[in-house]
Amino acid sequence: MTTFELMQMLGYVFNILGLLVCIGGLTLARRPERRLLGRSLAVLGFVIAATPVLLQLFGLVEPMPAGALPPN
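Residues numbered from 1 in each chain as written. Predicted model: local features only at pLDDT ≥ 70, side-chain atom pairs only at ≥ 80, totals over all residues. Heavy atoms only, no water.

Novice: How do you make sense of a nonpolar patch on the surface when you look at a structure like this?
Specialist: On the surface, Met1, Leu6, Met9, Leu10 and Val13 cluster together into a nonpolar patch covering about 500 Å² of accessible area. Residue placement: Leu6 occurs in helix α1 (residues 3-28). (Patch = residues over 30% accessible without salt bridge, like charges linked within 9 Å, V, L, I, M, F, W, Y side chains within 5 Å. Areas by Shrake-Rupley, 256 points an atom, 1.4 Å probe, with all protein chains shown as cover. Salt bridge = Lys/Arg side-chain N within 4 Å of Asp/Glu carboxyl O. Helix = DSSP H or I, 4+ residues; strand = E, 2+ residues; numbered from the N terminus.)

Novice: Explain the UniProt feature "transmembrane region" (unreviewed entry) in the chain here, please?
Specialist: This chain's UniProt record puts "transmembrane region" (unreviewed entry) on residues 12-29 and 41-61. A distance of 25 Å separates the end C-alpha atoms of residues 12-29, which is 94% helix and 0% strand. Within residues 41-61, the helical portion is 76% and the strand portion 0%, while the C-alpha atoms at the span's ends are 26 Å from each other. (UniProt positions renumbered as here; feature names shortened; annotations may be inferred.)

Novice: Where do I start with the environment of Ala29 in this structure?
Specialist: Note on placement: Ala29 falls in the loop between α1 and α2 (35-49). Sequence separation of Ala29 and Ala42 is 13 residues, and the distance between their C-alpha atoms is 8.6 Å. Leave out the neighbours within four places in its chain, and Ala29 touches Arg34, Arg35, Gly38 and Arg39. (Contact = heavy atoms within 4.5 Å.)

So this is what it looks like as C-alpha cells:
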C-alpha cells in the first residue's frame, strides 16, 4: 500500500476529526475569557482537516499518476 492510498483512506478520518475540533473551538470561542483558546482550536481543526491536501501540496506524499489515455 502506497502512502497516497493510505492518505486517501485516512482522509475521511482527518476530515471528521478536524471538523469536530473546529466546531468545539468555535463553540469555546463564544466565551470572552476562552476566546484565544477557542480560536486556536478552530485553526488546529482546520489544519487537521486539511492535512491530506497539505501533505500533497508540500510534496511529502506523491500523488498516484493518472493512467495513460486510451488510443483513439
